[in-house]
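Next come the chains, spelled out residue by residue.
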Amino acid sequence: MSPMSNANPMAATELSPFVYWSQTKDTLLLKVDLKDAQGVIAEFTPTTMSFGANGHGARGRNAYKFQMRFYQPVDDETATFTVTDHKIELLIRKAEPAWWVRLVATPQKPHWLRVDFDRWRTEDDAELNEPARDVREDYVEEYNNLQKQEIGYVRENAKKVYLIIYNLAMFVGYLHILIIMGVLYMRDGPGSIKHTYEYVGTSFKFVQLMQYMEVMHPLFGYTKGSPLVPFFQISGRNFVLFLMIEMEPRMHAKPVVFYVFIIWSLVELVRYPYYVSQLLKRENGLLTWLRYTIWIPLYPMGIVCEGVILLRSIPYIEETKRFCVEMPNKWNSTFDMVLFVKVYLLLLALPGSYLVMSHMSKLRVKKLGRGRAKPKIN
């Protein structure tokens, strides 16, 4: 008998378990028909779900997987699942309370998806009016293939093209700065450190000002999220760059300027290519891991360097009275820049660093797990 005759004919086929679904106005409940399930993974985005587990299903004990695109967005951060001996139950909250006419985006239901009649609920005294859907979202691959056949290429959204160009340009800008610093260091050794601002200061000021475009992007609907987060992050850097370094020539030659420029640039050299990969929908595991991991050593070092720059600037501000407003004046008010810097330094060291690090930590957990649900095992 040939060795191939004993091979499992289903080994090369991805098996899907039977999934039974029901709903309320606010939630979805999915029951996966797998017994003695192990290694359960349920990963969510606002519009999709990916599931995988080893267990005993319709095709015996095997690895079972399925993916689906939801009919409407869900709250991927609150999704949970419960594993029992006979099934796996997933509780998913809808992003907006509403009765859905179906679970998946496309009108064609997967063969493994069933209605859970024991738990099924319907909207009382109302008919389900299905909203108009964009066929391009339901059949992305088919639509792209049709465009290629008709016009020879896939049309891209103008906003997407702009964002790709912007992120690539910013990546090139920071790469240019790091290359210059590296070449100078290789040529002149540690002696080049004191000339860092002389050679790359202008370039760094330019790319930092260009980052304010990232405040405008959410305002014009180019990206999601609040404009306040990038505004405060960018303004914090520019406060150090323009007011503490640029305005005081004696700070230009400090070694800490060399170090903070390297730290800021390394963060951006990962961030901007990651954004491009997301825009092109080309997920790269290493790049994603770097984006949500490299901040662990770099952010604390950056905060320390920024703190050193602020501390070194205080004596210069006391000497020059730069940015200070003293009485008498036509506004009949005073402003002590030294006190402001000390308060800013205190806020940077305590609540500021904690908020930034905790925010990035939450993003890391969410992204590296891609919204993985939290298990509740009975």
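Everything here concerns the structure above.
Residues numbered from 1 in each chain as written. Predicted model: local features only at pLDDT ≥ 70, side-chain atom pairs only at ≥ 80, totals over all residues. Heavy atoms only, no water.

Undergrad: So what's going on with the overall build of the protein? Which residues, and what values?
TA: The helix and strand tally for the protein stands at ten helices and nine strands. For the protein, the proportion of its 378 residues judged to be buried stands at 37%. The contacts in the protein between residues at least 6 apart in sequence include a share of 68% that link residues at least 24 apart. Surface summary for the protein: the accessible area is close to 22,400 Å², and the carbon and sulfur share equals 60%. (Helix = DSSP H or I, 4+ residues; strand = E, 2+ residues; numbered from the N terminus. Buried < 20%, exposed > 50% of the residue type's maximum accessible area, 1.4 Å probe, protein only. Contact = heavy atoms within 4.5 Å. Areas by Shrake-Rupley, 256 points an atom, 1.4 Å probe, with all protein chains shown as cover.)

Undergrad: Can you explain the sheet that holds strand 4 (residues 48-57)? Please cite residues and give values.
TA: Strand pairing within a sheet occurs via backbone hydrogen bonds; the two strands may be parallel or antiparallel. As summarised here, the arrangement of the three strands in space is 3-4-5, forming an open sheet in which the pairing is antiparallel. Every interior strand has two partners, whereas the edge strands, strand 3 (35-44) and strand 5 (60-69), have only one. The mean angle between the axes of side-by-side strands here comes to 10°, regardless of whether they run parallel or antiparallel. Strand direction decides the pairing type here: strand 4 and strand 5, joined by ten bridges, are antiparallel. Note on strand 5: the bridge partner recorded for Gly 55 is Asn 62. (Pairing = 2+ DSSP bridges. Axes fitted to C-alpha atoms, helices over the stretch in contact; angles between N-to-C directions.)

Undergrad: Go over the nonpolar core, please, and point to the residues and values.
TA: Counting 44 residues, the largest nonpolar core has Phe 204, Phe 239, Met 244, Phe 261, Ile 309, Leu 310 and Val 341 as the members making the most contacts within it. Taken together, the elements giving at least two residues each to this core come down to helix 3 (158-188), helix 4 (196-210), helix 6 (228-246), helix 7 (255-279), helix 9 (295-320) and helix 10 (337-368). Beyond its immediate sequence surroundings of up to four residues, Leu 310 is in contact with Phe 239, Met 244, Val 341, Tyr 344, Leu 345 and Leu 348. By size, the runner-up hydrophobic cluster in this structure holds 31 residues, among which are Trp 21, Ile 88, Leu 90 and Ile 92. (Core = buried A, V, L, I, M, F, W, Y, C linked by side-chain atoms within 4.5 Å.)

Undergrad: Can you break down the pairing of strand 7 (residues 88-94) residue by residue, with the values?
TA: Along strand 7, the buried face is formed by Ile 88, Leu 90, Ile 92 and Lys 94; none of Glu 89, Leu 91 and Arg 93, which line the opposite face, is buried. By the bridge criterion, six bridges tie strand 2 (residues 27-32) to strand 7 in an arrangement that is antiparallel. Counted as the bridge partner of Leu 29 is Leu 91 from strand 7. In this sheet, strand 7 lies alongside strand 6 (residues 74-83) in antiparallel orientation, the contact comprising six bridges. The residue of strand 7 that forms the bridge with Val 74 is Lys 94.

Undergrad: For the pattern of salt bridges, give the residues involved together with the corresponding values.
TA: Tallied over the entire structure, the rule returns eight salt bridges. Between Glu 214 and Arg 271 there is a salt bridge; the shortest N-O distance is 3.0 Å. Of this pair, Glu 214 sits in helix 5 (residues 213-219) while Arg 271 sits in helix 7, placing them 57 residues apart in sequence. Residues Glu 214 and Arg 271 agree in their burial class; the two are buried. Across the pair Arg 250 and Glu 319 runs a salt bridge whose closest N-O atoms are separated by 3.1 Å. (Salt bridge = Lys/Arg side-chain N within 4 Å of Asp/Glu carboxyl O.)

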